[in-house]
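# Structural overview
Spelled out, the chains give:
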Amino acid sequence: MANKSKFQAIRGTRDLLPPDTALWNRVEQTAHELFTTYGFGEIRPPIFEPTDLFARAVGGDTDIVGKEMYTFPDHNLRDLEAALYPICNPAIDLDDPKDLMALVADLRVFLEQFAVHQKQDEVPKTSENASAVARLHTLAEKIDSLRLAAEDMDLMSWHALFQEVSAAAKEIRLGDMVSLRPEATASVCRAYIEHNMQQLPQPVKLYYMGPMFRRERPQKGRYRQFYQIGAEILGGPDAPAIDAELIEMLMTFFDKCGLQGTELSINSIGHAADNCRRGYVAKLREELLKVKDKLGADSQRRIETNPLRVLDSKLEHEQPIIATLPRIADHLCDECRAHYAAVKHNLDLRGVAYRENWRLVRGLDYYMRTTFEITAQGLGSQNAVCGGGRYDGLVELLGGPPTKGIGFAIGEDRLILSLQEGGKMLAARGPDVLIAWMGQNAYATAIRAAKTLRNAGFRVELPATELKFGKALERASKLGSRFALILGDNEIQSGEWTLKNLATSEQQKLSEQALLEYLRG
Ligand code: AMP
């Protein structure tokens with residue numbers, strides 16, 4: 001029977017292992033080097049931030065914020081948490097007066113403890129907490145007084161009262177709500193404001209890489225912890241060349257990585273004004289309502305919540321309907337239309353090939369004007385490796401000065417997957433040299449030789465225990481070592497070391513200095 005390991009990586013997360021990690025590193029190195037040549041500097045924001053930051057930036061109505069964030073209250077008040085639990089979840093036998101008394105007792109204990117922690121500034125002093133605590137005090141009084149005349153109350157009234165207690169208790173936050181970041185644009189904008197980056201020469205160009213967290217249904221190319229490489233340009237003039245240069249950098253990056261079958265789609269979704277996107281959305285909603293019956297449940301719901309997202313639909317039977325819908329390009333205001341035309345002209349100037357896709361609306365609330373997406377081969381249905389767009393209002397929405405912004409996020413997992421599907425594997429690299437040492441005399445020399453060779457940049461395997469000659473060679477070939485350096489009594493006495501080429505089985509004698517030169521050659 002298979003020996004089941006007790007712990008496994010959490011669903012939707014995974015270990016990245018060698019040799020794959022070598023490819024990850026190469027991709028990341030390519031980003032560091034290329035982005036630097038375009039004037040970008042790296043930012044490393046924290047992995048968790050106040051929940052409100054993402055709610056505000058990404059949008060409360062989005063799936064990301066509504067369903068997918070890993071969110072928790074940030075506190076260490078286990079006693080208070082334990083005291084709060086039975087009040088949030090009262091397990092009461094309504095016929096048993098002792099249970100009622102127990103609940104009131106629990107409630108009083110919690111309120112007392114809460115007051116102590118509040119005095120010590122350990123719980124958030126929010127208006128929500130204040131009003132929930134006030135309600136709980138009132139309810140405790142009420143239950144206390146009613147309890148005396150319990151026989152006069154019907155079960156339903158008691159039940160309603162407990163529900164009130166539970167509802168008020170659930171409003172209480174023992175710590176500030178924080179979330180694992182589902183994306184990093186909000187963090188970069190927060191940092192731009194927090195560090196007064198508007199004082200720096202504009203625009204400010206920042207890139208980041210690292211893990212993001214979304215509680216999505218895991219499948220190929222979709223994980224709950226996944227990695228993004230992203231870049232943002234904040235501030236500066238209203239220049240379509242900025243959009244085009246960012247996209248040029250992105251396509252150059254994919255090219256340098258060796259990604260195959262990339263396709264760049266672009267669109268403009270205008271800006272939020274009646275003579276632009278708002279007008280278009282109203283028109284779209286009107287047309288969608290006419291065909292509502294023919295649409296699936298998701299699209300029907302989106303007619304009300306976010307009609308643009310209907311254009312994202314992949315449902316087969318909706319495609320012919322969507323094809324007849326009005327297109328945003330015909331409803332852009334003059335400025336947005338001119339901006340879009342200039343972005344395309346600037347892409348042409350840079351020799352960047354693109355396809356226009358009027359249905360590309362992007363899922364997040366903060367986008368405006370330019371949106372773009374890149375797909376690559378070998379990824380099945382999750383074939384988008386990068387999404388991006390302009391978000392001029394976001395910094396201001398987060399409390400900063402009016403600031404232009406545009407950025408992208410590359411899904412690194414998918415990028416790697418596509419590279420691997422395209423045969424861009426990095427072979428596992430064995431050591432350059434395994435040092436087969438025999439005897440304590442040779443061991444001291446072997447340690448020194450390993451240090452010298454490693455200093456010179458060679459990958460060296462120094463067995464930790466003495467191996468018989470045959471075993472050492474066997475280990476060397478198993479590891480895929482190019483050479484075995486043989487150090488026994490003879491070699492130590494003569495100062496002439498034996499180097500065996502494991503591919504050709506040729507052997508030669510070399511002095512320490514000559515060995516280094518030979519390997520370098
Ligand atoms: P978004 O931040 O949603 O615009 O996504 C940008 C890119 O991140 C997408 O094009 C994907 O390549 C990647 N991505 C988004 N969500 C996931 C996920 N759950 N797992 C893997 N990659 C993802």
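Counting starts from 1 at the beginning of each chain's written sequence and moves along it residue by residue. With the structure being a predicted model, the display of local features is reserved for residues of pLDDT at least 70 and the display and counting of side-chain atom pairs for 80 or more, all residues being used for whole-chain, interface and lining totals. With hydrogens and water excluded, all non-hydrogen atoms of the structure serve as input to the side-chain values.

### Details of the overall build of the protein chain
A helix here means a DSSP run of H or I that spans at least four residues, while a strand means a run of E at least two residues long, and both kinds are numbered starting from the N terminus. Within the protein chain, the secondary structure is distributed over 19 helices and 16 strands. Over its C-alpha trace the protein chain gives a radius of gyration of 32 Å, far above what one expects of a compact globule, namely 24 Å for 521 residues. For each residue, the accessible area found with a 1.4 Å probe, counting protein chains only, is set against the maximum for its type, and the residue is called buried under 20%, exposed over 50%, and partly exposed in between. The proportion of buried residues among the 521 residues of the protein chain is 46%. A separation threshold of at least 6 residues defines the contact pool for the protein chain, and within that pool the share at least 24 residues apart is 71%. Looking at the protein chain as shown, the accessible area adds up to about 26700 Å², and 51% of this sits on carbon and sulfur atoms. For the protein chain, the distance from the average site of its 64 positive side-chain charges to the average site of its 71 negative ones is 6 Å. In this treatment the radius of gyration is a C-alpha quantity, and the globule benchmark scales as 2.2 Å times the residue count to the 0.38 power. The contact criterion used is simple: two residues touch if any of their non-hydrogen atoms lie within 4.5 Å. We get accessible surface area from the Shrake-Rupley algorithm with a probe of 1.4 Å; when it comes to residues, only the shown protein chains can shield them. None of His or the chain ends enter the tally, which takes Lys and Arg as positive and Asp and Glu as negative. Taken as the charge location is NZ of Lys, CZ of Arg, CG of Asp or CD of Glu.

### Observations regarding the pattern of salt bridges
Within this document, salt bridges are pairs made up of a side-chain nitrogen of Lys or Arg and a carboxyl oxygen of Asp or Glu, the two lying within 4 Å of each other. One pass over the full model with this rule turns up 28 salt bridges. Across the pair arginine 190 and glutamate 194 runs a salt bridge whose closest N-O atoms are separated by 3.0 Å. Of this pair, arginine 190 and glutamate 194 are both found in helix 8 (residues 185–194), four residues apart, which corresponds to roughly one turn of the helix. Of the charged contacts, one joins aspartate 432 and arginine 459 as a salt bridge, the two residues approaching to 3.5 Å between their closest N and O atoms. With aspartate 432 in the loop between helix 15 (412–421) and strand 12 (433–437) and arginine 459 in the loop between helix 16 (440–455) and strand 13 (460–461), the pair connects residues that are 27 residues apart, well separated along the chain. On the basis of relative accessible area, arginine 459 is assigned to the partly exposed category, the value being 29%.

### Quick look at the state of the cysteines
Two cysteine sulfur atoms form a disulfide, by the criterion used here, when they sit within 2.5 Å. Here the structure, examined in full by the defined rule, presents zero disulfides. A disulfide-free cysteine, cysteine 257 has its sulfur positioned 12 Å from the sulfur of cysteine 386, the nearest such atom. Considering cysteine sulfurs only, cysteine 333 is the nearest to cysteine 276, which forms no disulfide, with 3.8 Å between them. Look at cysteine 276 and you get buried, because its relative accessible area is 1%.

### Some words on the pairing of strand 15 (residues 497–501)
Counting buried residues in strand 15 gives five out of five residues, a clear majority hidden from the surface. On strand 15, burial covers both faces: Trp497, Leu499 and Asn501 on one face and Thr498 and Lys500 on the other are all buried.

### Observations regarding the site of the ligand
In the vicinity of the ligand, 15 residues are found, and the nearest of them are Arg214, Glu216, Tyr223, Arg362 and Ala384. Throughout this description, a polar contact denotes any pair of N or O atoms lying within 3.5 Å of each other; where both atoms belong to protein, one of them has to be capable of donating a hydrogen while the other can accept it, and for residues adjacent in sequence the pair is counted only when both atoms sit in side chains. Between the ligand and the protein, one listed contact pairs an oxygen atom with a backbone N or O atom of cysteine 386 at 3.5 Å. Burial of the ligand by the protein chains amounts to 91% of its free accessible area of 480 Å². Taken together, the elements giving at least two residues each to the shell around the ligand come down to strand 6 (225–234), strand 10 (384–390) and strand 11 (405–411). Broken down by element, the residue count for the shell around the ligand peaks at four residues, all from strand 10. Classifying every residue of the shell around the ligand by side-chain character gives six nonpolar, four polar and five charged. Whether a residue is near a molecule or strand is decided by its heavy atoms; if any one of them lies within 4 Å of it, the residue is near. Residues are grouped as follows: nonpolar covers Ala, Val, Leu, Ile, Met, Phe, Trp, Tyr, Cys and Pro; charged covers Asp, Glu, Lys and Arg; every other residue, Gly included, is treated as polar.

### Describing the packing of aromatic side chains
The geometry of an aromatic ring pair is captured by two quantities: the separation of the ring centres and the angle between the planes. The aromatic pairing rule takes the rings of Phe, Tyr and Trp, using the six-membered ring of Trp, and pairs them if the centres are within 6.5 Å, calling planes under 30 degrees apart stacked, those over 60 edge-to-face and the rest tilted. Throughout the structure, instances matching the rule amount to nine aromatic pairs. Their ring planes at 80° and their centres at 5.4 Å tell us that tryptophan 24 and tyrosine 227 sit as a pair that is edge-to-face. You can see tryptophan 24 sitting in helix 1 (residues 20–37) and its partner tyrosine 227 sitting in strand 6, a full 203 residues away along the chain. Note on accessibility: tryptophan 24 and tyrosine 227 belong to one class, buried. Plain terms: the ring middles of phenylalanine 35 and phenylalanine 40 are 6.4 Å apart, the flat faces sit at 50° to each other, and that makes the pair tilted. The pair formed by phenylalanine 35 and phenylalanine 40 is uniform in burial state, with each residue classed as buried. Ring pairing ties together the aromatic residues Phe35, Phe40, Tyr207, Phe253, Phe254 and Phe408, which thus form one cluster. The residue whose ring lies beneath arginine 14 is tyrosine 223, and the NZ or CZ to ring-centre distance is 4.0 Å. The rule is short: NZ of Lys or CZ of Arg within 6 Å of the ring centre and within 35 degrees of the ring normal puts a charge over the ring. Here lysine 344 stacks its cationic end above the ring of tyrosine 340, 4.2 Å away from the centre of that ring.

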